[in-house]
Amino acid sequence: MVAGSSVTVSLDGVRDKNLMQLKRLNSVLFPVRYNDKYYADALASNEFTKLAYHSDICVGSIACRLEKKKDGAVRVYIMTLGVLAPYRGLGTKLLNHVIDLSSKENIGEIYLHVQTNNEDAINFYKKFGFEITETIQNYYKRITPPDCYVVTKYIGQPQSIVGKNDVTNGGCCDFAVKENR
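Okay, so let's go over this structure. Every chain's residues receive numbers from 1 upward, in the order its sequence appears when written. Totals for whole chains, interfaces and linings use all residues, but because this is a predicted model, local features are given only for residues with pLDDT of at least 70 and pairs of side-chain atoms are given and counted only at 80 or more. Derived side-chain values reflect all non-hydrogen atoms in the structure, with water molecules and hydrogen atoms excluded from consideration.

1. Brief notes about the overall build of the chain
Every helix listed is a DSSP run of H or I at least four residues long, and every strand listed is a run of E at least two residues long, numbered separately from the N terminus. For the chain, the count of helices and strands is 4 helices and 7 strands. The secondary structure elements of the chain, listed N-terminal to C-terminal, are β-α-α-β-β-β-α-β-α-β-β. Taking as baseline every contact in the chain between residues at least 6 positions apart, the subset at least 24 positions apart corresponds to 67%. Accessible surface, the chain: about 9,900 Å² in total, of which carbon and sulfur atoms supply 47%. Contacts were defined at the residue level, with two residues in contact if any of their heavy atoms lie within 4.5 Å. With residues, only the protein chains shown are counted as cover, and all accessible areas are computed by Shrake-Rupley using a 1.4 Å probe.

2. Focus on unusual backbone geometry
Leaving glycine out, the prevailing phi sign among residues is negative, and the prevailing peptide bond configuration is trans. Residue Pro145 is reached from Thr144 by a cis peptide bond, and omega for that bond is -5 degrees. Tracing the backbone shows Pro145 in the loop between strand S6 (131-136) and strand S7 (148-154). The backbone of Asn46 sits at a positive phi, close to 55 degrees, despite the residue not being glycine. Looking at the secondary structure, you find Asn46 in the loop between helix H2 (36-44) and strand S2 (50-54). Summary of the burial criterion: residues with accessible area below 20% of their type's maximum are buried, those above 50% are exposed, and those between are partly exposed, where the area comes from a 1.4 Å probe applied to protein chains only. Asn46 sits in the exposed class, given a relative accessible area of 54%. A positive phi is found at Asp56, a non-glycine position, where the angle reads about 70 degrees.

3. A closer look at the sheet that holds S6
Ordered by their spatial adjacency, 7 strands build an open sheet running S1-S2-S3-S4-S5-S7-S6, and the pairing between neighbours is mixed. Pairing within the sheet leaves two strands with one partner each, and these edge strands are strand S1 (9-13) and S6. Between one strand axis and the next, the sheet turns through 25 degrees on average, direction left out of account. As paired strands, strand S3 (residues 57-68) and strand S4 (residues 74-83) are joined by 9 bridges and run antiparallel to one another. In this description, strands pair whenever DSSP reports at least two bridges between them. Fitted lines through C-alpha atoms give the axes, limited to the stretch in contact for helices. The angle between two N-to-C directions lies from 0 to 180 degrees.

4. Overview of the pairing of S3
Alignment of S2 against S3, held across 5 bridges, turns out to be antiparallel. When the sheet's bridge partners are listed, Tyr53 is paired in S3 with Cys58. Hairpin connection between S2 and S3: a loop of 2 residues separates the two successive antiparallel strands, and Ser55 in this loop has a positive phi of roughly 50 degrees. The antiparallel pairing of S3 with S4 creates a hairpin that spans 5 residues between the two strands, and Gly72 there sits at a positive phi of about 95 degrees.

5. What to know about the pattern of salt bridges
Here a salt bridge means any side-chain nitrogen of Lys or Arg lying within 4 Å of a carboxyl oxygen belonging to Asp or Glu. Tallied over the entire structure, the rule returns 8 salt bridges. In this structure, Lys50 and Glu47 form a salt bridge, with 2.5 Å as the shortest nitrogen-oxygen distance. Taking the shortest distance from any N to any O, the salt bridge between Lys69 and Glu109 comes out at 2.9 Å. Taken together, the residues Lys69 in the loop between S3 and S4 and Glu109 in strand S5 (residues 109-115) connect sequence positions 40 residues apart. Given the relative accessible area of 31%, Lys69 is considered partly exposed. According to the relative accessible area criterion, Glu109 is buried, its value standing at 8%. One salt-bridge network, in which partners are shared between bridges, spans Lys37, Asp41, Arg65, Glu67, Lys69, Arg75 and Glu109.

6. Description of the nonpolar core
If you look at the biggest cluster of nonpolar residues, it comprises 46 residues, and the most contacted ones within it are Ile78, Leu95, Tyr125 and Phe130. Residues contacting Leu95, with those up to four places away along its chain left out, are Ile62, Ile78, Leu81, Phe124, Tyr125, Phe128 and Phe130. Put simply, a nonpolar core is a bunch of buried Ala, Val, Leu, Ile, Met, Phe, Trp, Tyr and Cys residues held in one set by side-chain atoms that sit within 4.5 Å of each other.

7. What about the packing of aromatic side chains?
Aromatic contacts are taken between Phe, Tyr and Trp rings whose centres are within 6.5 Å, Trp giving its six-membered ring; a plane angle under 30 degrees counts as stacked, one over 60 as edge-to-face, and the others as tilted. As enumerated under the stated definition, the model contains 8 aromatic pairs in all. Between Tyr77 and Tyr111, the ring centres sit 4.8 Å apart and the planes meet at 45 degrees, which makes this aromatic pair tilted. Linking Tyr77 in strand S4 with Tyr111 in strand S5, this pair joins segments that are 34 residues apart in sequence. As far as the burial class goes, Tyr77 and Tyr111 line up, both buried. Geometrically, the ring pair formed by Tyr139 and Tyr140 is edge-to-face, given 4.7 Å between the ring centres and 90 degrees between the ring planes. Members of the aromatic cluster, connected to one another through ring pairs, are Phe30, Tyr34, Tyr38 and Tyr39.

What follows is the structure, encoded as structure tokens:
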């Protein structure tokens, strides 16, 4: 980025008309192909799933699913969080959006799965107050190691973190940084 230049960064909701952008981005960022249920859940979560744009170019996303717990409370599951490598700082903006929205909606829990060897993702989420709450053996079928952590944030007060140069791709062990090679 050139000093003094103005760059527009924005978040936009995922809808039927721009769902293809999420699909394209996921195909670049993650080594798996997501099924129709993933995209239906992303659409159904409304404001909890966002695309991140840098100068009108889609460079990242966060896709969530809203889940009802046995006690009737709603929690947010982060299915994926991914940002192209040159735009990593936008991951902070995407995650803060979900944390702030959860707080406003009185949702007390956000969680995701992270592969146990993904230290960048674990450290990223810890900066936002997430904690490892469980280890699941053999969670993943086609990647090594197959184990994951459940990483959870319990929300009491609104919290946001402003950060630069963070690694901001994660969710469901789908923590990807796409390097330009």
